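# Close look at the chain arrangement
Given next are the chains, with one letter for each unit.
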Amino acid sequence: MIKQKLVLIGNGMAGVRAIEEVLKINPDGFEVTIFGTEPYPNYNRIQLSKVLQGGTSVSDITLNDWEWYQDNMIRFYPGETVTAINTKTKTVSTDKGRTESYDQLIIATGSNPFMLPLPGADKEGVKAFRNIKDCEEMIEYSKKHKKAAVIGGGLLGLEAARGLLNLGMEVDVIHIFDYLMERQLDRTAGELLQTELEKQGMNFILQKNTAEITGRKHVTGLKFSDGSRIKADLVVMAVGIKPNVALAQEAGIPVNRGILVNDYLETDIPNVFAVGECAEHRGIAYGLVAPLYQQGQVLAKRLCGVRDNGYQGSVLSTQLKVSGVDVFSAGKINEDENTKVYKMYDDWNGTYKKVLIEDGKIAGAVLFGDTKDGNKLFDFIKKGALIEEYLESSQSANSEVNLVASMSDEEIICGCNGVTKGSIVEAIKANGLTTVDQVKGCTNASRSCGGCKSLVSDLLACTLGEYYQADQKEAICGCTTLSRDEVLAEIREKGLTHIREVMNVLEWESDGCSKCKPALNYYLGMINPLKYQDEHEARYVNERMHANIQKDGTYSVVPRMYGGVTTSDDLRKIADVADKYKVGMIKVTGGQRIDLLGVYKEDLPKIWAELDMPSGSAYAKGLRTVKTCVGENFCRFGTQDSIGMGIRLERKFEGLNTPHKVKMAVSACPRNCAESGIKDVGVVGVEGAWEMYVGGNGGTHLREADLLFKFKTGDELVEMIGAFLQYYRESAKYLERTSAWVERLGIDRIREVLSDELMVKEYNNRIDEALSVVQDPWKEAINNKNLLRDLYQNVKVPVETK
Ligand SMILES: Cc1cc2nc3c(=O)[nH]c(=O)nc-3n(C[C@H](O)[C@H](O)[C@H](O)COP(=O)(O)OP(=O)(O)OC[C@H]3O[C@@H](n4cnc5c(N)ncnc54)[C@H](O)[C@@H]3O)c2cc1C
Ligand SMILES: NC(=O)c1ccc[n+]([C@@H]2O[C@H](COP(=O)([O-])OP(=O)(O)OC[C@H]3O[C@@H](n4cnc5c(N)ncnc54)[C@H](O)[C@@H]3O)[C@@H](O)[C@H]2O)c1
Ligand code: SF4
Ligand code: FES
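Residues numbered from 1 in each chain as written. Chains lettered and ligands numbered in written order. Predicted model: local features only at pLDDT ≥ 70, side-chain atom pairs only at ≥ 80, totals over all residues. Heavy atoms only, no water.

### Considering the overall build of the protein
Quick note on the threshold: Put simply, DSSP marks the helices as runs of H or I at least four residues long and the strands as runs of E at least two long, and each gets a number from the N terminus on. A 1.4 Å probe rolled over the protein chains alone gives each residue an accessible area, and that area as a share of the maximum for its type sets the label: buried under 20%, exposed over 50%, partly exposed in between. Contacts are residue-level and defined by heavy atoms, with any inter-residue pair within 4.5 Å sufficient.
When you go through the protein residue by residue, the secondary structure sums to 28 helices and 36 strands. Here the protein holds 802 residues, and the buried ones make up 53% of them. Sequence-distant contacts in the protein: of pairs separated by 6 or more residues, those separated by 24 or more amount to 63%.

Structure, rendered in structure tokens:
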């Protein structure tokens with residue numbers, strides 16, 4: 001059989017996908033030639049954001065490597081641009097002087113970034129973000145320069161800005177609208193997004209029109225139409241794209257914004273097709289891969305003579321790929337006179353959901369904070385499902401696995417690649433797949449933006465049942481198959497800096513849970529104490545509020561009293577606030593301090609301010625108290641200054657985060673009045689020395705502490721306590737008390753490790769680093785207006801339905 005000559009111009013995502021589909025349907029039908037301006041094999045452009053953001057290298061984003069071209073006998077000309085098409089002679093010619101004839105021609109030239117025609121736009125340091133070269137240049141720039149300005153607060157601009165922040169630059173995002181991503185989000189979601197990104201360190205300049213790029217040869221800043229200016233060493237333009245139609249236009253192929261195509265991706269010229277961002281179908285030139293891949297499938301069928309209904313256009317869904325923020329939108333995003341909305345706004349958890357309903361059917365959705373319903377809603381939108389169907393499914397599906405179980409076989413799991421639940425389940429069963437990567441290899445699901453990974457993994461869980469559970473034996477929680485040690489190793493190796501980034505880079509299979517989020521928050525802070533910004537929303541409620549919530553919803557306030565010692569002034573202040581705020585009960589605790597019980601949430605910051613005492617951390621996974629006996633100054637049995645040592649220890653280690661709470665005690669003789677034998681760290685004074693005990697517990701799992709070492713001086717003792725605590729911080733699992741940790745490691749091993757003087761010094765250096773950034777949480781909260789508003793003012797959790 002004579003093969004037809006099929007020529008593809010453009011080695012990008014859409015064109016190559018069309019060729020892949022052709023090869024699937026008729027592997028021997030065509031002699032394929034591909035021309036690509038970029039000098040690489042076909043790669044995943046979507047993942048460039050992840051390359052810029054770190055954690056993914058250029059080599060990781062190849063979709064089809066060099067062998068793929070050879071294996072499929074494709075003649076591939078990388079780094080070669082087609083400069084002309086002659087539709088009469090049915091040939092194309094290139095910048096390398098080559099001429100190639102075709103029977104069928106696919107134009108898939110993609111888009112060009114739209115560069116604002118501003119004065120100064122040609123200066124050095126003005127970039128687009130479209131390809132590997134752009135990405136590499138920005139990475140190089142960040143090594144020498146500090147200040148970046150990104151023009152455009154859309155998907156691309158924000159993903160670029162996040163990348164530049166990760167590269168250590170300061171980033172201003174200049175946006176023409178008064179809220180971000182106005183093409184994909186409504187105002188509420190856009191504003192929530194802005195707040196979240198500001199927390200990550202982005203600075204926004206909204207409603208600004210750039211008038212000029214300043215500088216001589218090299219950019220130095222931007223000037224706006226109102227005359228104001230900012231400084232910048234790098235300017236990234238991300239203000240949209242323009243379909244790349246010049247080649248087609250010059251060849252006389254009809255174009256509008258894009259190359260005009262019908263439902264079969266045919267242009268007006270016989271045997272010439274266009275697919276991808278360069279094509280315009282029913283007035284739309286798409287800029288996302290999902291529709292482009294659908295076009296590729298239709299085009300392949302058309303070329304192979306398979307009957308098909310043709311391409312009918314696509315409903316779009318978008319997801320922002322920025323660690324730490326979950327945003328999703330699909331279909332219609334703004335209300336009008338024909339729509340009703342189902343809205344949920346949870347200020348407490350920072351989540352927002354809006355579902356637009358038209359004639360009772362779901363017409364669009366905007367999600368912020370919790371996007372796990374995204375794929376499902378998207379499928380409902382495409383099907384035109386009734387809102388009741390969604391509400392019913394939400395009620396019955398109270399876990400992610402239930403959610404995916406409740407989906408029908410036809411529902412799309414991977415929007416980018418159009419892969420249905422049915423086809424994934426079939427592939428899992430037929431090929432014995434057990435991991436998301438295997439499903440990706442077999443079905444393409446999760447191959448592009450990765451937004452569907454959690455759904456794919458839920459589907460694995462619900463298809464494989466117990467077998468899948470068995471696979472996750474060592475995992476730190478059900479969201480990942482990685483163990484604590486593996487996660488820590490990855491955080492260190494990849495330099496991961498925040499929770500969402502860990503989840504994204506390590507391919508968490510859901511949005512995180514109450515088990516992994518606080519654990520990751522602890523691990524990240526432990527590994528990188530100087531740079532890590534505590535994500536307080538990941539903490540358990542007591543730690544988030546810096547107070548213990550009581551059974552009636554009120555809170556308790558326990559100020560610190562170092563070593564259990566107080567003063568008449570402090571007692572007076574406590575009495576005064578207790579009267580003023582009508583505190584329910586004043587109780588002396590087992591940890592030798594005073595607990596004010598029954599405090600209203602709104603009163604917490606006022607009480608802290610009026611007390612002007614440090615927090616006792618009675619709620620913290622950290623140092624709680626150092627209990628002391630009266631010791632040598634007053635007790636006739638005392639051999640050491642237990643109070644002085646207790647105060648010294650409490651002052652040194654207060655505010656330290658640890659895997660679980662840590663209680664200490666210092667007794668001045670073996671009578672042990674401070675109960676040193678049942679504390680995480682217990683100290684007992686003996687004649688001329690201090691004994692150090694560890695791993696004790698007086699709670700449910702009663703455990704007597706083990707003697708670790710004996711020291712002549714207080715300095716040696718304090719140094720060893722520092723080393724012990726840091727060793728525990730670095731090697732215990734989150735929520736593992738020292739008692740369990742000592743049992744797990746064995747006291748002999750701990751003793752052996754801490755017998756190494758060098759190790760003791762190193763642990764102390766690291767714990768001192770962690771302690772150097774400790775701040776009093778009550779003072780911090782009082783001085784932070786946003787925190788005060790978010791946590792302590794009357795927080796409403798409204799559920800509105802219009
Ligand atoms: C940083 C970034 C992140 C993105 N993230 C997402 C996302 O999360 N989700 C999503 O859906 N979409 C995303 N997109 C958009 C998505 O990547 C594009 O929609 C998709 O790549 C378009 O595919 P295409 O094949 O039409 O064009 P392209 O991928 O641009 O491919 C066109 C190729 O043709 C080549 N070419 C052009 N003219 C010629 C010629 N005359 N001769 C030879 N070769 C030529 C070009 O060099 C290019 O390599 C992102 C885009 C970028 C830049
Ligand atoms: N996660 C994703 O899905 C993803 C990520 C990156 C890129 N992309 C795709 O890549 C393409 C390019 O992305 P994009 O963000 O550049 O396009 P876009 O059209 O989505 O957004 C451009 C933004 O720039 C703003 N803008 C326009 N002129 C401006 C000006 N003079 N000053 C300041 N702001 C201005 C617009 O208001 C708009 O919000 C799009 O097709 C997009 O869908 C998608
Ligand atoms: S532990 Fe010893 S020194 Fe301390 S109070 Fe009790 S008896 Fe006195
Ligand atoms: S939804 Fe983007 S890869 Fe599946």
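### A word on the site of ligand 3
Worth spelling out the cut-off: Put simply, a residue is near a molecule or strand once any heavy atom of it comes within 4 Å of that molecule or strand. In this classification, the charged set is Asp, Glu, Lys and Arg, the nonpolar set is Ala, Val, Leu, Ile, Met, Phe, Trp, Tyr, Cys and Pro, and all remaining amino acids, among them Gly, are polar.
Taken together, the residues surrounding ligand 3 are C629, V630, C635, F637, G638, S667, A668, C669, R671, N672 and C673. Among the residues making up the shell around ligand 3, the classes are represented as seven nonpolar, three polar and one charged.

### Remarks on the sheet that holds strand β24 (residues 351-358)
Heads up, the rule is: Pairing between two strands requires that DSSP report at least two bridges joining them. In this analysis an axis means a line fitted to C-alpha atoms, helices contributing only their contacting stretch, and an angle means the value between N-to-C directions, from 0 to 180 degrees.
Strands sit in the order β21-β22-β25-β24-β23 across an open sheet of five strands; the sheet is antiparallel. At either end of the open sheet lies a strand with only one pairing partner, and these are β21 (317-319) and β23 (339-346). This sheet shows a mean twist of 15° between the axes of neighbouring strands, independent of strand direction. Across three bridges, the pairing between β21 and strand β22 (residues 327-331) is antiparallel. Residue Q319 lies in a different strand from β22, and its bridge partner there is F328. Against the sheet, helix α6 (residues 187-199) engages β22, β23, β24 and β25 (361-368), with an angle of about 20° to β25. Of the strands in this sheet, β21, β22, β24 and β25 touch helix α9 (residues 374-383), which is tilted by about 160° from β25.

### Quick look at the packing of helix α12 (residues 421-431) against helix α13 (residues 436-443)
Two quantities define a packed helix pair, namely the angle between the helix axes and the distance between the axes. We apply this condition: Roughly parallel refers to an angle under 35 degrees, roughly antiparallel to one over 145, roughly perpendicular to one between 65 and 115, and oblique to any angle outside these ranges.
Two elements in contact, α12 and α13, have axes whose closest approach is 10 Å; the angle formed by their N-to-C orientations is 105°. When the axis of α12 is compared with that of α13, the two are roughly perpendicular. Judged by residue contacts, S423, I424, A427, I428 and N431 of α12 engage V439, C442 and T443 from α13. Here the residues of the contact of α12 with α13 are counted per class, giving five nonpolar, three polar and no charged.

### Digging into helix α26 (residues 757-772)
Put simply, the test is: What a helix should span is 1.5 Å times the count of its residues minus one. It is the directions from the helix axis to the C-beta atoms whose arc is reported. Counted as a polar contact is a pair of N or O atoms within 3.5 Å, where, for protein atoms, one must be capable of donating a hydrogen and the other of accepting one, and residues adjacent in sequence contribute only when both atoms are in side chains.
With 16 residues, α26 should reach 22 Å at 1.5 Å per residue; the first-to-last C-alpha distance of 22 Å fits that figure. Along α26, the positions that sit buried rather than exposed are V760, Y763, N764, I767, A770 and L771. For α26, the arc enclosing every buried residue in end-on projection is 120°, short of the 170-degree limit, so these residues lie on one face. Facing away from the buried side of α26 by over 90 degrees, the exposed positions are L758, N765 and S772. Packing partners of the buried residues in α26 comprise α22 (642-653), α23 (714-731) and α25 (747-753). Capping the start of α26 is the job of one residue whose side-chain oxygen sits 2.9 Å from the backbone nitrogen of L758: D756.

### Some words on the pattern of salt bridges
For clarity, the threshold we go by: By salt bridge we mean one thing: a side-chain nitrogen of Lys or Arg within 4 Å of a carboxyl oxygen of Asp or Glu.
Evaluation of the coordinates by the stated rule reveals 50 salt bridges. R572 is the salt-bridge partner of D569, the closest N and O atoms lying 3.0 Å from each other. Of this pair, D569 and R572 both sit in helix α20 (residues 568-580), separated by three residues, roughly a single helical turn. One network of salt bridges, with partners in common, ties together D186, E335, K343 and K354.

### Here's the deal with the pairing of β25
Each regular strand shows side chains that alternate between the opposite faces of the sheet. The buried fraction of β25 amounts to seven of the eight residues, a majority that puts the element mostly inside the structure. Direction of pairing for β22 relative to β25: antiparallel, over a ladder of five bridges. Bridge pairing in β25 links S329 to V366. Pairing of β24 with β25, which is carried by seven bridges, proceeds in the antiparallel orientation. Each bridged residue has a counterpart across the sheet, and for L356 the counterpart in β25 is G364. Joining the antiparallel neighbours β24 and β25 is a turn of two residues, in which D359 adopts a positive phi near 50°.

### Thoughts on the site of ligand 2
Applicable threshold: Surface exposure here means Shrake-Rupley accessible area, sampled with a 1.4 Å probe, where a residue is shielded only by the protein chains that are shown.
Surrounding ligand 2, one finds 21 residues, the nearest of these being E159, E182, R183, G240 and Q319. Separating an oxygen atom of ligand 2 from a backbone N or O atom of L156 is a distance of 3.0 Å. Within the backbone of G240, one N or O atom sits 2.9 Å away from an oxygen atom of ligand 2. Within the complex, the protein chains bury 87% of what would otherwise be the 840 Å² of accessible surface of ligand 2. When residues of the shell around ligand 2 are assigned to their parent elements, the largest contribution, three residues, is made by helix α5 (residues 155-166). Partitioning the shell around ligand 2 into residue classes produces ten nonpolar, seven polar and four charged.

### A closer look at unusual backbone geometry
Positive phi is not limited to glycine here, since M181 has a value of about 45°. The class of M181 is buried, set by a relative accessible area of 2%. Of note in this structure, L735 is not a glycine but carries a positive phi near 75°. When you line up the elements, L735 lands in the loop between α23 and α24 (738-745). Relative accessible area serves as the criterion here: at 36%, L735 is assigned to the partly exposed category.

### Comments concerning the sheet that holds strand β5 (residues 91-94)
An order of β4-β5-β6 is seen for the three strands of this open sheet, with the pairing classed as antiparallel. The two strands at the open ends of the sheet, each matched to only one other strand, are β4 (82-86) and β6 (99-101). In this sheet, adjacent strand axes meet at a mean angle of 20° when their direction is disregarded. Pairing of β4 with β5, which is carried by four bridges, proceeds in the antiparallel orientation. Counterpart to N86 in the pairing with β5 is T91.

### Overview of the packing of aromatic side chains
Heads up, the condition is: Ring pairs are drawn from Phe, Tyr and Trp, using the six-membered ring of Trp, whenever the two centres fall within 6.5 Å, and their geometry is named by plane angle: stacked under 30 degrees, edge-to-face over 60, tilted for the rest.
Going through the model one piece at a time under the given rule, you end up with 18 aromatic pairs. Ring geometry for W68 versus Y69: centroids 4.9 Å apart, planes at 85°, classification edge-to-face. The class of Y69 is buried, set by a relative accessible area of 2%. Summarising the aromatic geometry, the rings of W608 and Y792 are spaced 5.5 Å apart at their centres and angled 85° between planes, so their arrangement reads as edge-to-face.

### Section: the confidence of the model for the protein
Just so we agree on the cut-off: pLDDT runs from 0 to 100 and stands for how confident the predictor is about each residue.
Taken over all residues, the pLDDT of the protein has a mean of 90, while the share at 70 or more is 96%. We note a pTM of 0.65 for the whole complex and an ipTM of 0.92 for its interfaces.

### Thoughts on the side chain of H498
One can find H498 in the loop between α16 (484-494) and α17 (499-505). Relative accessible area serves as the criterion here: at 12%, H498 is assigned to the buried category. H498 has contacts with R162, S323, L524, Y532 and E535, leaving out every residue within four places of it along the chain.

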